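Chain by chain, the residues run as shown.
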Amino acid sequence: MTYSDEEIKDRLGKYGSVYLPEEIIESVDDILGNRVKKERLEDFFKALKKYEDMIEQLKKTKLNPNLTVLLYGPPGTGKTSLTRAFSKKYKIPICVVESDRLVSPLLGDTIKNIRNVVELSADIAEENGAFILFFDEIDAIGSERSNIHEVGEIKRAVISFLQVIDKINYEGVPLAIFGATNHQHQLDSAIWRRFTFHLKFDFPDYELRKTIIESFLKKIEDADIGVDDSIYDKLDIEIQKIQKIHRQLEAKLGREISEFDDNLLWNEVNKKSDINGLLKLTIGYSGSDIERGTRVALFKVIHTGIMTYNIFYNSLQLVGGTAVHVQTQDVLSASSRSERSSERYGNDTPKTSGPPEI
Ligand SMILES: Nc1ncnc2c1ncn2[C@@H]1O[C@H](COP(=O)(O)OP(=O)(O)O)[C@@H](O)[C@H]1O
Ligand SMILES: [Mg+2]
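Attention in this report is confined to the structure presented alongside it. All figures in this text were calculated on a predicted structure; none of them were measured in a lab.

### Focus: the overall build of the protein
If you tally the helices and strands in the protein, you get 14 helices and 8 strands. For the protein, long-range pairs separated by at least 24 residues make up 80% of all intrachain contacts whose partners lie at least 6 apart in sequence.

Here you go:
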């Protein structure tokens, strides 16, 4: 019995949002940068497409690949959109579950919810072909952040989650399980280990921010709304100055540095030049922050008629960058942090912490 689209939506709807490939708007190219992650996802989705034809052989090997991918890094860096975009590209339906909706303070309900959503998705995958179950905020399962207060209950939820994943993998069902988290440190390490692929997302560096800004401006121009050329000119001048200082600094230090290494680059830029442009403003902004700033700017443009540098700059400034908030939380929660880290947001921003020790 194959499931109809309506049945899938109806039955999974109480756990999350189901997107059929044709309903997904974003494309892989809309998420700029992230080249290596895209390559790995490309391989993963290709394999997922062929998985069904190979299942019998794969089972014989007793080495069934575990179809699990964990995406981690700050909010607004493309984790959900990129996965959805790949679902569209490879024509595989996806269900995005807000994990905290599965978590219930009622004893046993969390476990039941997790089992239900995974088993139902597995059944859909078995009957209809490849399917993706995406657990957003997966750290909510089995972290103290979740609203289960009893430690034993948290453990049981995690164990149950792992068991149900193992079962699916063992059976060779073409169900891919994705997890996304902004709090990789709070993620239960057993869950971390259970995922085969770990893809780290980061705040965009200045080169990528420029590309993202330009692509949003291009969309505005494509809709026949005026964009002042001075925005592009100023971006070009700004990036050339930064690149030059970046190269000189690397030569001086004798090693490559990233924009986010201890604020070395920006200290140097600030010392050597009077740069005060969009790329400096947007340190620690996610792609999503830049998008939001552009929307705010566009609102203003509705009555001014043209996107000017000032409108754009002020709007981006108004929305602010996610790193500020992420960092504030980190500072509040991590007692081991030095005062230095609270100096300025540019400082240690996107040191989006590595994986938990395993
Ligand atoms: N690298 C990027 N290039 C272009 N747009 C981006 C990029 N990263 C994020 N965005 C924008 O931000 C939006 C939200 O990203 P999302 O996938 O929800 O982030 P996350 O799941 O990591 O919180 C995307 O739909 C996209 O418009
Ligand atoms: Mg998301």
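### Comments concerning the site of ligand 1
The environment of ligand 1 is made up of 20 residues, and the closest members are Lys79, Thr80, Ser81, Gly287 and Ser288. Counting residues per element, the ones that place at least two in the shell around ligand 1 are α3 (79–89) and α11 (287–304).

### Let's talk about α11
Compared with the 26 Å implied by 1.5 Å per residue over 18 residues, the 25 Å span of α11 between its first and last C-alpha is a close match. Within α11, the full set of buried residues consists of Gly287, Asp289, Ile290, Gly293, Thr294, Ala297 and Val301. Taken end-on, α11 shows its buried residues confined to a sector of 150°, consistent with a single buried face. The exposed residues of α11 that point more than 90 degrees off its buried face are Arg295, Phe299, Ile302 and His303. In the stretch just after α11, Gly305 is the one whose phi turns positive, near 90°.

### Thoughts on the sheet that holds strand β5 (residues 175–181)
In sheet architecture, strand pairing relies on hydrogen bonds along the backbone and comes in two forms, parallel and antiparallel. The 6 strands lie next to each other as β1-β3-β4-β5-β2-β6, forming an open sheet whose pairing is mixed. Strand pairing shows two members of the sheet lacking a second neighbour, β1 (16–19) and β6 (197–200), which therefore form its edges. Taking each pair of neighbouring strands and ignoring which way they run, the sheet shows an average axis angle of 20°. In this structure, strand β2 (residues 68–72) lies alongside β6, joined through 4 bridges in parallel fashion. Within β6, the residue paired with Leu71 across the bridge is Leu199.

About the thresholds
- Residues numbered from 1 in each chain as written.
- Chains lettered and ligands numbered in written order.
- Predicted model: local features only at pLDDT ≥ 70, side-chain atom pairs only at ≥ 80, totals over all residues.
- Helix = DSSP H or I, 4+ residues; strand = E, 2+ residues; numbered from the N terminus.
- Contact = placed C-beta atoms within 7 Å.
- Near = placed C-beta within 6 Å.
- Expected span 1.5 Å × (residues − 1).
- Buried ≥ 20, exposed ≤ 12 C-beta atoms within 10 Å, placed from the backbone.
- Arc of directions from axis to C-beta.
- Pairing = 2+ DSSP bridges.
- Axes fitted to C-alpha atoms, helices over the stretch in contact; angles between N-to-C directions.

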